[in-house]
Amino acid sequence: MKKIYFAFLFLFTINLANAHTCENETVNCPLDNAKVDFCVTMSMTTFGSLKDFQKQGAIGSFYEELINSCPKCHFSGYIDDFKAKYSDEEKAKIKTFLQQYEQTKMTDIMQCKVAGDLKEFLSAPNAKIAHCYLVGSYLARDKGKFIDLRKELQVKTKTFLVLALEKNEYEDKTSIANIDYLIAEMCRRTANFDDAIKYYDLALNDPNKQEWIDEVAKMQKDLALKKDDNNTL
């Protein structure tokens, strides 16, 4: 009996060690000073990712906790966005922009959309805008009632990743093929198969691509050729 107990205790300890942990941090909205709670990830264990780069493993609510919103004005973003300083004139412009979301139910998915929309309004780097929408698409993955919103977020992700490439926002040449591949995945998942094939080919033909591209991009391109927009992979 003791052996069984200690074996269970050992496995339980291992699971705890691999679990996602976060630390609460309260910040104030830069527009109206309302308190906003974040749970900042301290540790987690990943076991690979899905084909659109969503991390898998003992990640808990990692993606849900990345982006948050002010309960009053709906200012949305990462924790660092809440630490930004704005002039009175800038605050007034942002509040006016956010008025369109006054009646919006701020789910985790919508928080990501509003964060992306706000970053676009503030002329943030395109790659950062795209990431907000990408995270939102992850959160909408298995929620059937949000399928239209999920596809909208994926189209927006694709749009701003393309702009990021055009503006040379990625300095590491080995990352270009990765971004082309991700653009292709956003296209395939929204049934834009012609563009998907185009960007898979760009990734596959990139002389600076990483080794994994050859296998994964070819496999996903085959899905595009079959007009398969499976979003669960």
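Use the structure listed above.
For clarity, every value in this text was computed on a predicted model and none was experimentally measured.

Caption draft 1: Representation of the nonpolar core in the model. Cys 70, Phe 75, Leu 98 and Ile 183 are the most contacted members of the largest nonpolar core, which has 63 residues in total. Those residues in contact with Ile 183 that lie beyond four places of it in its chain are Lys 158, Leu 161, Val 162, Leu 165 and Tyr 199.

Caption draft 2: Expanded view of the side chain of Lys 158. Relative to the helices and strands, Lys 158 resides in helix α6 (residues 147-166). Setting aside anything within four residues of it in sequence, one finds Lys 158 in contact with Ile 183, Met 186, Cys 187 and Asp 195.

Caption draft 3: Region of the structure containing the state of the cysteines. Throughout the structure, instances matching the rule amount to one disulfide. Two residues, Cys 22 and Cys 39, share a disulfide whose sulfurs are 1.8 Å apart. Residues Cys 22 and Cys 39 are joined through a disulfide that is right-handed, its torsion about the S-S bond being 75°. Within this pair, whereas Cys 22 is found in strand β1 (residues 21-28), its partner Cys 39 is found in strand β2 (residues 35-43), the two being separated by 17 residues in sequence. Cys 22 sits in the partly exposed class, given a relative accessible area of 29%. Here Cys 112 stays unpaired: no disulfide links it, and the sulfur of Cys 132, its closest cysteine neighbor, is 7.0 Å away. On the basis of relative accessibility, which here comes to 0%, the residue Cys 132 falls in the buried class.

Caption draft 4: A look at unusual backbone geometry. In this model, Asn 33 sits at a positive phi of 70°, which is unusual for a non-glycine residue. Looking at where Asn 33 falls in the secondary structure, it is placed in the loop between β1 and β2. Exposure remark for Asn 33: the relative accessible area of 54% places this residue in the exposed category. Phi at Lys 227 is positive, roughly 55°, even though this residue is not glycine. Relative to the helices and strands, Lys 227 resides in the segment after α9 (212-225). According to the relative accessible area criterion, Lys 227 is exposed, its value standing at 58%.

Caption draft 5: Representation of α9 in the model. The terminal C-alpha atoms of α9, which comprises 14 residues, lie 20 Å apart, in line with the 20 Å expected from a rise of 1.5 Å per residue. By the burial criterion, the buried members of α9 are Ile 213, Val 216, Ala 217, Gln 220, Lys 221, Leu 223 and Ala 224. For α9, the buried positions fall inside an angular range of 150° around the axis, keeping them on one side. Exposed residues pointing more than 90 degrees away from the buried face of α9 are listed as Glu 215 and Leu 225. Remark: Lys 227 follows α9 within two positions and exhibits a positive phi of approximately 55°.

Rules behind the numbers
Residues numbered from 1 in each chain as written. Predicted model: local features only at pLDDT ≥ 70, side-chain atom pairs only at ≥ 80, totals over all residues. Heavy atoms only, no water. Core = buried A, V, L, I, M, F, W, Y, C linked by side-chain atoms within 4.5 Å. Buried < 20%, exposed > 50% of the residue type's maximum accessible area, 1.4 Å probe, protein only. Contact = heavy atoms within 4.5 Å. Helix = DSSP H or I, 4+ residues; strand = E, 2+ residues; numbered from the N terminus. Disulfide = S-S within 2.5 Å. Expected span 1.5 Å × (residues − 1). Arc of directions from axis to C-beta.

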